[in-house]
Amino acid sequence: VMDIDSEHGGFDTGDFLGEAACPVHKIVGAPGQQVKLDLILKGKPSGSITIRAEEKLEGAEKQHLVSNVSAINLEFSSCCLCSLNPRLDISRILENDDLQVVHRSDIKSGSSVKWGHLDISLQKLCNGDRLRPILFEVVHAEGSGKTLIGECELSVNSILSGNTKFQLKNPQQKGKEVGYIEFSKPNIEQKFSFVDYIAGGCEINLTCAVDFTGSNGNPQSRNSLHYQFQDGRLNEYEAALTAVGDILLHYDKDKLVPMYGFGAYNHAIGPGVHHCFAMNNNPANPEVYGLDGMFQTYKNTIHQVSFSGPTYFGSILGTALERTYAMQEEQGQKYSILMILTDGAIHDYDQTVARLIDGSSMPLSVIIVGVGNADFDTMEDLDCDKGVLRDMRGRRAQRDIVQFVPFRECARDINMLRKKVLAEVPKQLTRYFEMRGMAPNPRVQV
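Residues numbered from 1 in each chain as written. Predicted model: local features only at pLDDT ≥ 70, side-chain atom pairs only at ≥ 80, totals over all residues. Heavy atoms only, no water.

K.L.:
Which residues make up the nonpolar core, and what are the values?
P.N.:
With 45 residues, the main nonpolar core has Phe212, Met294 and Met339 as its most contacted residues. Examining the composition of this core, we find that 8 residues originate from one element, helix 5 (residues 236–249), more than from any other. Other than its neighbours up to four places away in sequence, Met294 contacts Leu206, Cys208, Leu241, Leu249, Val257, Met259, Val288, Tyr289 and Met339. Membership of the second largest hydrophobic core comes to 28 residues, among which are Leu65, Val113, Cys152 and Val156. (Core = buried A, V, L, I, M, F, W, Y, C linked by side-chain atoms within 4.5 Å. Buried < 20%, exposed > 50% of the residue type's maximum accessible area, 1.4 Å probe, protein only. Helix = DSSP H or I, 4+ residues; strand = E, 2+ residues; numbered from the N terminus. Contact = heavy atoms within 4.5 Å.)

Rendered as C-alpha cells:
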C-alpha cells in the first residue's frame with residue numbers, strides 16, 4: 001500500500017505504508033469472499049486492508065459507458081461556504097452493500113457544472129451487471145475533505161433508458177431535492193486492448209534517433225556521454241539504446257529500424273550541420289537490422305561525425321511524420337514508434353510542439369529517453385500528462401503521443417525501465433485506432 005500525493009504519481013514516487021500477502025484460494029473460500037489482512041511495515045503492524053473477490057464477467061472490461069456528465073441547479077447551504085466546488089464521486093455497490101469508489105471527477109466551481117467526458121468500463125462500474133445500482137454522489141470538495149450535496153442510485157440500464165436527467169437528493173436533509181445530474185448522449189462503446197490489435201496482426205515499426213550535439217561532450221573525453229570504453233563497459237547512450245531498443249523491438253515484426261542522427265557534421269552526407277541524417281549514410285534506405293545492427297551503427301557513427309548543435313527535434317519529427325504518412329498508404333494496420341535518445345533541452349520547442357500536434361492525428365508515438373543529468377523540464381512539458389499540448393496557433397493535440405523516460409532513474413532496474421517505456425504506448429495506440437473507428441483484425445492463427 002502506497003501513499004501517492006499526485007494522481008500522476010507512481011509507486012516509485014509514493015510513501016510505502018505496508019504490505020500483506022495472501023493466497024487467492026483463501027480469499028475465494030472465505031465467507032462472502034472477503035478477508036481482512038494486517039499490513040506489515042518493517043516487521044511491525046501498520047494497519048489493515050480488506051480484500052474482496054468477485055467473479056469477473058467475461059467481456060465486461062471491453063464495454064464502456066461513455067457520456068458527458070453535468071450537474072444542474074445545485075443547492076447547498078453552509079455558514080462557512082465561500083463558493084460551491086462540486087465533484088462527482090461514483091461508487092460501485094457491492095453485494096454486501098459496501099461501497100467501492102470507482103471514479104472521481106475533477107473539481108468544478110458553481111451551482112451548474114460540466115465534468116466533461118466519462119469513459120469507464122462496465123467491469124469497473126458494475127461488474128457487467130447493467131441492473132446493479134450504482135451510487136452517484138455530488139460532493140462539495142474543500143481541501144482533503146468533502147460534504148455531501150446530493151446523491152442518487154442509478155443502473156446502467158436506467159442511464160441508457162432515454163431519461164438522461166435525474167434528481168439528486170440529500171439523505172442528511174430528509175431527502176431534500178438539491179438539483180439534477182445529467183448524462184449527455186450516454187452510450188455503450190466497445191473498447192479494445194493493445195493485445196487485441198497486436199494479435200490481429202497490427203505491425204509496429206520502430207525508428208531511432210540519436211543526439212550527437214556538442215553538449216554531450218567530446219567523445220574522446222571520459223566525461224562524454226558518448227565515450228567509447230575499452231574495457232567493454234557501455235556508455236549511457238549504448239546502455240539506453242540496448243535496454244530500450246530491446247524492449248521495443250519485441251513488437252517490431254521485421255526488426256528493420258531506420259536510424260537517424262542529429263546535431264552534427266557528417267561529411268559523408270554533405271556540408272553543414274545536419275539535424276536529421278541517416279546513420280548508415282544511406283538516406284534512401286536508413287534501415288538496419290535488429291539490436292546488433294542498431295548498436296554497431298551507433299558505434300560506427302561516433303567515429304564519422306563531428307559534434308555540433310543546437311538540439312533540434314523538428315527535422316527528426318518531420319522525417320518520422322513523412323514515413324508514418326507513407327506507411328498509412330499501405331494495406332493493413334500499422335503503427336510507428338519514434339525513439340529519441342537525447343541529453344538535454346531542445347532549441348526549437350515551438351516547431352517541435354507543432355510537429356507533435358501534427359503527429360497526434362497519425363499512428364505515431366514518440367518515446368524520448370533522457371540520457372545524462374541535464375535539465376529535462378522541456379521534455380516533461382512535451383509529455384501531456386499534466387495537460388493538453390497546444391502550439392503557437394492555438395491548435396490542440398488530438399491525443400497524447402509522447403512518453404518521456406529519464407534513463408538514469410531506472411537504468412539499474414530493467415522492470416522499472418520496461419514499465420516506464422511502455423507506460424503509455426499501448427493506450428496511445430488503442431486511442432488512435434478508436435479515433436479512426438478501426439477495430440482489431442481477427443486474431444492471426446498460428
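K.L.:
Could you give an account of empty space enclosed by the protein, with specific residues and numbers?
P.N.:
Any empty space left between atoms is shown by rolling a water-sized probe over those atoms. Throughout the structure, instances matching the rule amount to 1 cavity of 30 Å³ or more. Considered as a void within the structure, the largest cavity measures approximately 30 Å³ in volume. Counting residues per element, the lining of the largest cavity draws most heavily on helix 7 (residues 314–328), which supplies 4 residues. Here the lining of the largest cavity is composed, by residue class, of 5 nonpolar, 2 polar and 1 charged. (1 Å grid on protein atoms, 1.4 Å probe; cavity = no way out; pocket = protein on both sides within 12 Å on 5 of 7 lines; lining within 4 Å. Points joined across faces, edges and corners; volume = space filled by probe spheres on them. Nonpolar A, V, L, I, M, F, W, Y, C, P; charged D, E, K, R; others polar.)

K.L.:
Talk me through the sheet that holds strand 19 (residues 306–307); I want residue IDs and the actual numbers.
P.N.:
A sheet is described by the order of its strands in space; here 3 strands give the open sequence 16-15-19, paired in antiparallel fashion. This sheet does not close on itself; its edge strands, each paired only once, are strand 16 (270–274) and strand 19. (Pairing = 2+ DSSP bridges.)

K.L.:
Outline the packing of aromatic side chains, supporting the account with residue identities and numerical values.
P.N.:
A ring pair, where both rings are aromatic, is described by two values, the distance of the centres and the angle of the planes. A full pass over the atoms with the stated rule returns 14 aromatic pairs. Taking 5.0 Å as the distance between ring centres and 85 degrees as the angle between the ring planes, the aromatic pair formed by Tyr227 and Phe229 counts as edge-to-face. Here the aromatic rings of Phe262 and Phe313 are separated by 5.8 Å at their centres, their planes lie at 90 degrees, and the arrangement is edge-to-face. With Phe262 in strand 14 (residues 256–262) and Phe313 in the loop between strand 19 and helix 7, this pair connects stretches of sequence that are 51 residues apart. The exposure class assigned to Phe262 is buried, which follows from its relative accessible area of 0%. (Phe/Tyr/Trp six-rings, centres within 6.5 Å; stacked < 30°, edge-to-face > 60°.)

K.L.:
For the packing of helix 7 against helix 8 (residues 349–359), give the residues involved together with the corresponding values.
P.N.:
Where helix 7 contacts helix 8, the two axes come as close as 9 Å, and the packing angle between them is 15 degrees. Judged by the inter-axis angle, helix 7 sits roughly parallel to helix 8. Crossing hand, helix 7 versus helix 8: left-handed. Along its contact with helix 7, which presents Gly314, Leu317, Gly318 and Leu321, the element helix 8 presents Gln351, Thr352, Arg355, Leu356, Asp358 and Gly359. Class assignment of the residues belonging to the contact of helix 7 with helix 8 gives a composition of 3 nonpolar, 5 polar and 2 charged. (Axes fitted to C-alpha atoms, helices over the stretch in contact; angles between N-to-C directions. Parallel < 35°, antiparallel > 145°, perpendicular 65-115°, else oblique. Left-handed = near helix turned anticlockwise from the far one by under 90°.)

K.L.:
Got a sec to walk through unusual backbone geometry? Specific residues and values, please.
P.N.:
The omega torsion of the bond from Gly309 to Pro310 falls at -5 degrees, within 30 degrees of zero and hence cis. Phi at Lys42 is positive, roughly 55 degrees, even though this residue is not glycine. Take Lys42: it is sitting in the loop between strand 3 (34–41) and strand 4 (44–52). By relative accessible area, Lys42 is classed as exposed at 80%. Located in the positive-phi region is Lys174, a residue other than glycine, with phi close to 60 degrees. If you trace the backbone, Lys174 turns up in the loop between strand 11 (165–170) and strand 12 (176–190). In this structure Lys174 comes out as exposed when scored by relative accessible area, which is 85%.

K.L.:
Can you explain the side chain of Thr311? Please cite residues and give values.
P.N.:
If you trace the backbone, Thr311 turns up in the loop between strand 19 and helix 7. For Thr311, a relative accessible area of 3% translates into the label buried. The contacts of Thr311, once residues within four sequence positions are left out, are Asp211, Thr213, Phe262, Thr342, Ala345, Ile346, His347 and Asp348.

K.L.:
If you had to explain the pairing of strand 6 (residues 86–93) to someone new, which residues and values would you point to?
P.N.:
The element strand 6 is largely enclosed, with a buried count of 8 among its 8 residues. Covered by surrounding structure in strand 6 are Pro86, Leu88, Ile90 and Arg92 together with Arg87, Asp89, Ser91 and Ile93, the residues of both alternating faces. Alignment of strand 6 against strand 9 (residues 134–142), held across 7 bridges, turns out to be antiparallel. Counted as the bridge partner of Pro86 is His140 from strand 9. Pairing of strand 6 with strand 7 (residues 99–104) involves 5 bridges; the strand directions are antiparallel.

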